[in-house]
Amino acid sequence: MNALAEDLVTKHGTKCHIVTIDLAEADAAEKLMAEIEKQGVKIELLVNNAGVGLIGEIETTALGDIQRLLNLNIITLTDLTYRVLPGMLERGHGAVINVSSVAAFQPVAFMAAYAASKSYVLHFSEALWAEARGRGVTVMALCPGVTQTAFFEVAGAPGWLEKHSSQTPFRIVKSAMSALEKRRQYVIPGWKDYLMSLLVRLATRRTAVNESKRYFRPGKRGPQDDAQKS
Ligand SMILES: NC(=O)c1ccc[n+]([C@@H]2O[C@H](COP(=O)([O-])OP(=O)(O)OC[C@H]3O[C@@H](n4cnc5c(N)ncnc54)[C@H](OP(=O)(O)O)[C@@H]3O)[C@@H](O)[C@H]2O)c1
């Protein structure tokens with residue numbers, strides 16, 4: 001983080017202040033806001049990017065990991081958003097980008113809590129976008145498809161990223177900033193991922209969720225699956 005901050009200062013003259021905080025903790029948003037207030041800065045752009053995925057079967061998924069995922073992906077994101085929006089509305093300008101996912105558009109088997117958490121982020125952000133509209137403030141959900149980061153390693157599917165087409169974080173950020181300028185309520189960077197989000201709407205919910213099993217099924221198909229299908 002120090003190296004990145006130094007790079008930003010040298011190349012762009014950006015002021016950086018690093019706060020190390022576990023955003024999956026219950027009081028994370030309060031602690032972070034207290035740090036920001038100490039610096040005496042007003043937030044112009046909040047990007048709720050920190051998030052984790054969890055890929056696995058029901059029996060092997062640790063409940064503690066699910067709770068941390070929900071705290072990080074939903075609770076802290078919501079808390080931070082509600083803490084910064086009133087100030088932005090009072091000043092009549094500012095923006096929030098909440099990082100959702102293409103997984104927000106359908107249930108995803110073996111990644112159930114993650115995909116559902118991203119649906120929350122999408123719906124939450126869109127609703128706030130409508131509330132803040134016309135008041136100089138915008139809230140946007142960013143819904144990337146597969147992106148070249150450590151995400152799948154951390155989520156419990158090492159090597160998954162290498163086998164699937166993906167976009168670079170640079171492309172995602174570029175699309176996000178361009179959509180933010182247009183005050184879009186959500187954006188899916190890349191036409192292929194956008195198309196996929198539309199196809200899901202055409203399929204029945206049953207088909208969509210059954211198809212999703214192909215992506216993150218750990219190991220081989222089992223006999224129970226064949227029985228269920230028939
Ligand atoms: N990569 C994809 O394919 C993809 C697709 C759609 C959406 N997304 C979303 O994009 C966002 C960024 O993820 P990424 O792809 O960049 O994955 P990543 O490389 O694993 O980065 C996750 C980021 O979240 C931070 N983080 C995780 N747990 C945290 C915690 N408890 N407290 C504070 N920070 C924490 C990490 O900080 P540390 O590095 O310090 O751990 C890291 O900066 C996430 O919301 C993810 O759901 C990713």
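Here, every reference points to the structure presented above.
Quick caveat: nothing in here was measured; it's all calculated off a predicted structure. (Residues numbered from 1 in each chain as written. Predicted model: local features only at pLDDT ≥ 70, side-chain atom pairs only at ≥ 80, totals over all residues.)

Colleague: Teacher, can you tell me more about the site of the ligand here?
Modeller: Within the structure, the ligand sits among 18 residues, and L23, G51, S101, T149 and F151 are positioned closest to it. Here the shell around the ligand is composed, by residue class, of 11 nonpolar, 6 polar and 1 charged. Taken domain by domain, the makeup of the shell around the ligand includes at least three residues from each of domain 1 (1–40) and domain 2 (42–219). (Near = placed C-beta within 6 Å. Nonpolar A, V, L, I, M, F, W, Y, C, P; charged D, E, K, R; others polar. Domains from an automatic or database assignment.)

Colleague: Please explain the packing of helix α2 (residues 28–39) against helix α3 (residues 63–91) as it appears in this structure.
Modeller: Each pair of packed helices can be described by the angle between their axes along with the distance between the axes. Taken N-terminus to C-terminus, the directions of α2 and α3 make an angle of 40°; their axes are 9 Å apart at the nearest point. In this view, α2 runs oblique relative to α3, as classed from their interaxial angle. As for how α2 packs across α3, the hand of that crossing is right-handed. For the pair α2 and α3, contact is made by A28, A29 and M33 and by T76, D79, L80 and R83, respectively. In the contact of α2 with α3, the residues fall into 4 nonpolar, 1 polar and 2 charged. (Axes fitted to C-alpha atoms, helices over the stretch in contact; angles between N-to-C directions. Helix = DSSP H or I, 4+ residues; strand = E, 2+ residues; numbered from the N terminus. Parallel < 35°, antiparallel > 145°, perpendicular 65-115°, else oblique. Left-handed = near helix turned anticlockwise from the far one by under 90°. Contact = placed C-beta atoms within 7 Å.)

Colleague: Quick question: what am I supposed to make of helix α7 (residues 191–202) here?
Modeller: Because each turn of an α-helix spans 3.6 residues, side chains separated by three or four positions end up pointing in the same direction. Taking 1.5 Å as the rise per residue, α7 with 12 residues should run 16 Å; its terminal C-alpha atoms sit 17 Å apart, in good agreement. The element α7 is barely covered by neighbouring structure, given that only 0 of its 12 residues are classed as buried. (Expected span 1.5 Å × (residues − 1). Buried ≥ 20, exposed ≤ 12 C-beta atoms within 10 Å, placed from the backbone.)

Colleague: Before we go on, may I ask you to explain unusual backbone geometry in this structure?
Modeller: Glycine aside, the phi torsion of most residues is negative, and most peptide linkages are trans. Phi at F110 is positive, roughly 70°, even though this residue is not glycine. With respect to the helices, strands and loops of the structure, F110 is situated in the loop between β2 (94–99) and α4 (112–132). C-beta crowding within 10 Å serves as the criterion here: with 21 such atoms nearby, F110 is assigned to the buried category. Within the chain, R183 stands out as a residue other than glycine whose phi angle is a positive 55°. The topology assignment puts R183 in the loop between α6 (169–181) and β4 (186–187).

Colleague: Is there a simple way to think about the environment of T138 in this case?
Modeller: Here T138 shows up in strand β3 (residues 137–142). Sequence spacing of T138 and L77 is 61 residues, and the spatial spacing of their C-alpha atoms is 16 Å. In this structure T138 touches A95, W129, A132, L180 and R183, once residues within four positions along its chain are discounted.

Colleague: Help me understand α4 in this model?
Modeller: Over its 21 residues, α4 extends 30 Å from the first C-alpha to the last, a length consistent with the 30 Å expected when each residue adds 1.5 Å. Of the residues making up α4, those classed as buried are Y114, A115, S117, K118, V121, L122, S125, L128 and W129. The buried residues of α4 occupy an angular sector of 160° when the element is viewed end-on, so they sit on one face. Exposed side chains of α4 directed beyond 90 degrees from the buried face belong to A127 and A130. (Arc of directions from axis to C-beta.)

Colleague: Honestly, the sheet that holds strand β1 (residues 45–48) in this entry has me stumped. Any pointers?
Modeller: Think of a sheet as strands paired side by side through backbone hydrogen bonds, with each pair either parallel or antiparallel. Read from one edge to the other, the open sheet built from 4 strands follows the order β1-β2-β3-β4, with strand pairing classed as parallel. Edge positions in the sheet fall to β1 and β4, since each has one partner strand and no second. Across the sheet, α3 is in contact with β1, β2 and β3; its angle to β2 comes to roughly 160°. α6 rests against β2, β3 and β4 of the sheet, and its axis sits at about 145° to β3. (Pairing = 2+ DSSP bridges.)

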